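Chain by chain, the residues:
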Amino acid sequence: MEACLNVEKEQDKVLKKYKAIREHTDTTLGDLANHISNLQNEIVNSNQDELSQLQCQILTQSAKKVKDTVTRLATEHKELHGGISKIGKAIDRNFISDNTACSHSGVFEGEKSVLLNEVICEHLLRQGRLDIAEELIKEAHLHLDSSKKEPFQELNRILEACRNHNLDPALEWAKARHSELKERGSSLEFKLHKLKFLDYLKQGQQEEAIRYSRHFTEFAAANTKDIQQLMACLMYTKTGIENSPYSYLLDPVHWIDICDLFARDACALLGLSLESPLQVCITAGCIALPSLLQIKQVIQQKQVPGVWSSKDELPVEVDLGHQYRYHSIFACPILRQQCSDSNPPVRLTCGHVISQDALYKLTNGNKVKCPYCPLEMSPSEAREIRFY
């Protein structure tokens, strides 16, 4: 509590200073704007072709006043930065977290260090940092097949072209995978043709756009309304689509969306996850870290270190949010506990599923009776199952 109060004191100082600077700035700039406005009106109303010597002198003094005011306000603003940095220092001084309490020494040594370097290398390839990835491969003595690097290189090449409003590489890629995209129900190919058509119109190439509109034929059934709007844009080629009711079609957000859609579909077809595994792990770790530190502190205060003895299970549940739930979790209906690699779920011949530990507990001799139906069977007939 004392640490929070210390930080709040520094925060109150900055807020008080900010309020004073803001009021002073508003007043100063308001007076300065009124002075310039009055001077402008005076010059306009004088109806003179040339400025008089007095007016020139007043203008020179006004320009100097504006420059001095701006310099003074900038200096006051810089002084505010010092107070903000003191808040950060106060936080560091009053809240010292030992993050090493939730880590295991040597966890990334030996063979695991190679796996870590491969994950980092894959992340760099995803981000298009090919030169850094190559340097890491060289320094870490990694052996990555070219087949692993080529998909990322092609992906980044096409994405870079899309960001520069060049759709040809993406259209060529989508055309080669037309059947696969259609099977997935993807709208990528149509949206690429849509942006290409609008690009022709934006450049005033109406005839070229009309010829290109033939690409919409096979997408007409599913995108009738969109195609009608695109055809209506032809009427505004001369006046400019940006001045038409369809100006929203030129919003830059559509180029951002097409990049995201291409990355999602390309990763799906290449068998890759949309998000970088390294980024997911770091984000999930940052979300879980406060809870883990709190658990560790409670365990140390209660002097029960044995509670956190398992490497595969935490003493309490840490909710990472819906976006980080990738797999279904099976809880044994008999023992009321979640299954794990050491205690996997098993399917009985009758179709009911229980945990392996429950199977052993229910076994009597060489027979086991299903807890949900009267069927008896041999324990060896149970089959391990996996959820994906």
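The name an unreviewed UniProt entry assigns to the chain is E3 ubiquitin-protein ligase RMND5A-like, from the organism Actinia tenebrosa. Looking at the Subcellular location (unreviewed entry) heading of the UniProt record, one finds this comment for the chain: "Cytoplasm".

**Looking at a nonpolar patch on the surface**
There is a patch of nonpolar side chains on the surface, built from I334, L362 and Y372 and spanning about 250 Å² of accessible area. Among the residues examined, Y372 registers a relative accessible area of 49% and is labelled partly exposed.

**Considering the sheet that holds strand β1 (residues 345-347)**
Spatially, the 3 strands line up as an open sheet ordered β2-β1-β6, and their pairing is antiparallel. The open sheet has two edge strands, β2 (353-355) and β6 (383-384), and neither has a second partner. As defined by bridge partners, β1 adjoins β2 across 3 bridges and the pair is classed as antiparallel. Residue pairing across strands places P345 opposite S355, the latter belonging to β2.

**Considerations on the UniProt feature "zinc finger region: RING-Gid-type" (unreviewed entry) in the chain**
Following the UniProt record, the feature "zinc finger region: RING-Gid-type" (unreviewed entry) maps to residues 332-373 here. Helix makes up 17% of residues 332-373 and strand 26%. Its end C-alpha atoms lie 16 Å apart.

**Things to note about helix α5 (residues 146-163)**
If you check α5, its first and last C-alpha atoms are 26 Å apart, about what 18 residues at 1.5 Å a residue would give, namely 26 Å. Considered for burial, the residues of α5 that qualify are K149, F152, L155, N156, I158, L159, A161 and C162. For α5, the elements touching its buried residues are α3 (111-126), α4 (130-139), α6 (168-176) and α11 (253-269). In the stretch just after α5, H165 is the one whose phi turns positive, near 65°.

**Observations concerning the sheet that holds strand β3 (residues 363-364)**
Within a sheet, each strand pairs with its neighbour through backbone hydrogen bonds, oriented either parallel or antiparallel. In space, the 3 strands of this open sheet follow the order β3-β4-β5, with antiparallel pairing throughout. The open sheet terminates on both sides in strands that have one partner only, identified here as β3 and β5 (376-377). Strand direction decides the pairing type here: strand β4 (residues 367-369) and β5, joined by 2 bridges, are antiparallel. In the strand pairing of β5, K369 is matched with E376.

**With respect to the domain arrangement of the chain**
Per the domain assignment, the segments of the chain are domain 1 (1-45 + 53-87), domain 2 (145-270) and domain 3 (331-384). Spacing between the C-alpha centres of domain 1 and domain 3 amounts to 75 Å.

Each value, and the rule that gives it
- Residues numbered from 1 in each chain as written.
- Predicted model: local features only at pLDDT ≥ 70, side-chain atom pairs only at ≥ 80, totals over all residues.
- Heavy atoms only, no water.
- UniProt positions renumbered as here; feature names shortened; annotations may be inferred.
- Patch = residues over 30% accessible without salt bridge, like charges linked within 9 Å, V, L, I, M, F, W, Y side chains within 5 Å.
- Areas by Shrake-Rupley, 256 points an atom, 1.4 Å probe, with all protein chains shown as cover.
- Salt bridge = Lys/Arg side-chain N within 4 Å of Asp/Glu carboxyl O.
- Buried < 20%, exposed > 50% of the residue type's maximum accessible area, 1.4 Å probe, protein only.
- Pairing = 2+ DSSP bridges.
- Helix = DSSP H or I, 4+ residues; strand = E, 2+ residues; numbered from the N terminus.
- Expected span 1.5 Å × (residues − 1).
- Contact = heavy atoms within 4.5 Å.
- Domains from an automatic or database assignment.

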